[in-house]
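Close look at the chain arrangement
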Amino acid sequence: MKTIEISMDAYIEALELRKDYIEKFYNWVIPDCIWDYAKEIIKETGINSEHSEPSYVVDNIAINGDYGSFDDYKEENESDKDFIDRIKDEAIAIFEEERYILMSL
């Protein structure tokens, strides 16, 4: 089997097309802050040769990713500041302005 190499820009474009597809046809929405973070990780670490198909990568983020708004994770009557202090060591990323948290991709 012959391996075809593509540029990172072309790969990111393929991921974007898949993301648009799943949003349109399945209503699986990946928040922009999470999506931008995922793209940066992919750019930094490179294309995973074992699971590189855009449909696998994007669908896995949409279905298996553990992320959501602060309100999805906060305890009752917990302030945003207290929530961030409680979860900061467990979270992969905290997007304070958007009020989103990323626990896993």
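Residues numbered from 1 in each chain as written. Predicted model: local features only at pLDDT ≥ 70, side-chain atom pairs only at ≥ 80, totals over all residues. Heavy atoms only, no water.

With that out of the way, let us pick up the packing of helix 1 (residues 8-26) against helix 3 (residues 54-64). Viewed as axis vectors pointing N to C, helix 1 and helix 3 meet at an angle of 50°, and their least axial separation amounts to 9 Å. When the interaxial angle is binned, helix 1 and helix 3 end up oblique. Once helix 1 is placed against helix 3, the crossing between them reads as right-handed. Contacts between helix 1 and helix 3 involve Tyr-11, Ala-14, Leu-15, Arg-18, Lys-19 and Ile-22 on the former and, on the latter, Pro-54, Ser-55, Val-57, Val-58, Asp-59 and Ala-62. (Axes fitted to C-alpha atoms, helices over the stretch in contact; angles between N-to-C directions. Helix = DSSP H or I, 4+ residues; strand = E, 2+ residues; numbered from the N terminus. Parallel < 35°, antiparallel > 145°, perpendicular 65-115°, else oblique. Left-handed = near helix turned anticlockwise from the far one by under 90°. Contact = heavy atoms within 4.5 Å.)

Below, the discussion takes up helix 1. The end-to-end C-alpha separation of helix 1 is 26 Å, in line with the 27 Å expected for 19 residues at 1.5 Å each. Along its buried surface, helix 1 packs onto helix 2 (32-45) and helix 3. A positive phi of about 60° marks Asn-27, the residue just after helix 1. (Expected span 1.5 Å × (residues − 1).)

Below, the discussion takes up the packing of aromatic side chains. This model, assessed by the stated rule, comprises five aromatic pairs. Ring plane angle 40° and centroid distance 4.7 Å describe the contact between Tyr-21 and Phe-25, whose orientation is recorded as tilted. With Tyr-21 and Phe-25 both in helix 1, this residue pair falls four residues apart, about one helical turn. Since its relative accessible area comes to 36%, Tyr-21 is described here as partly exposed. Looking at Phe-25, the relative accessible area reads 52%, which means it is exposed. Centre to centre, the rings of Phe-70 and Phe-83 are 5.1 Å apart; their planes meet at 55°, and the pair counts as tilted. Placement of Phe-70 in helix 4 (residues 70-73) and of Phe-83 in helix 5 (residues 80-87) is noted, with a sequence separation of 13 residues between them. Note on Phe-70: relative accessible area 1%, which makes it buried. (Phe/Tyr/Trp six-rings, centres within 6.5 Å; stacked < 30°, edge-to-face > 60°. Buried < 20%, exposed > 50% of the residue type's maximum accessible area, 1.4 Å probe, protein only.)

Residues spaced three or four apart along an α-helix face the same direction, because each turn holds 3.6 residues. Regarding helix 3, the residues found buried are Val-57, Val-58, Asp-59, Ile-61 and Ala-62. The elements touched by buried residues of helix 3 are helix 1, helix 2 and strand 1 (66-69).

Of the strand pairs in this sheet, strand 1 and strand 3 (residues 100-104) are connected by four bridges, and their pairing is antiparallel. The residue bridging Tyr-67 from the neighbouring strand is Leu-102, located in strand 3. Bridging between strand 2 (residues 93-95) and strand 3 involves three bridges; their strand directions are antiparallel. Paired with Ala-93 across the strands is Leu-102, a residue of strand 3. Turn length for the strand 2-strand 3 hairpin, with the two strands adjacent in sequence and antiparallel, is four residues, and the turn residue Arg-99 shows positive phi of about 60°. (Pairing = 2+ DSSP bridges.)

Two packed helices can be described by the angle between their axes and the distance between those axes. Remark: helix 1 packs on helix 2, axes separated minimally by 11 Å, with the N-to-C direction vectors making an angle of 150°. Here helix 2 runs roughly antiparallel to helix 1, going by the angle between their axes. When the axes of helix 1 and helix 2 are compared, the crossing they make is right-handed. Along the contact surface, helix 1 presents Met-8, Tyr-11, Ile-12, Leu-15, Glu-16 and Lys-19, while helix 2 presents Asp-32, Trp-35, Lys-39, Ile-42 and Lys-43. Broken down by class, the residue content of the contact of helix 1 with helix 2 amounts to six nonpolar, no polar and five charged. (Nonpolar A, V, L, I, M, F, W, Y, C, P; charged D, E, K, R; others polar.)

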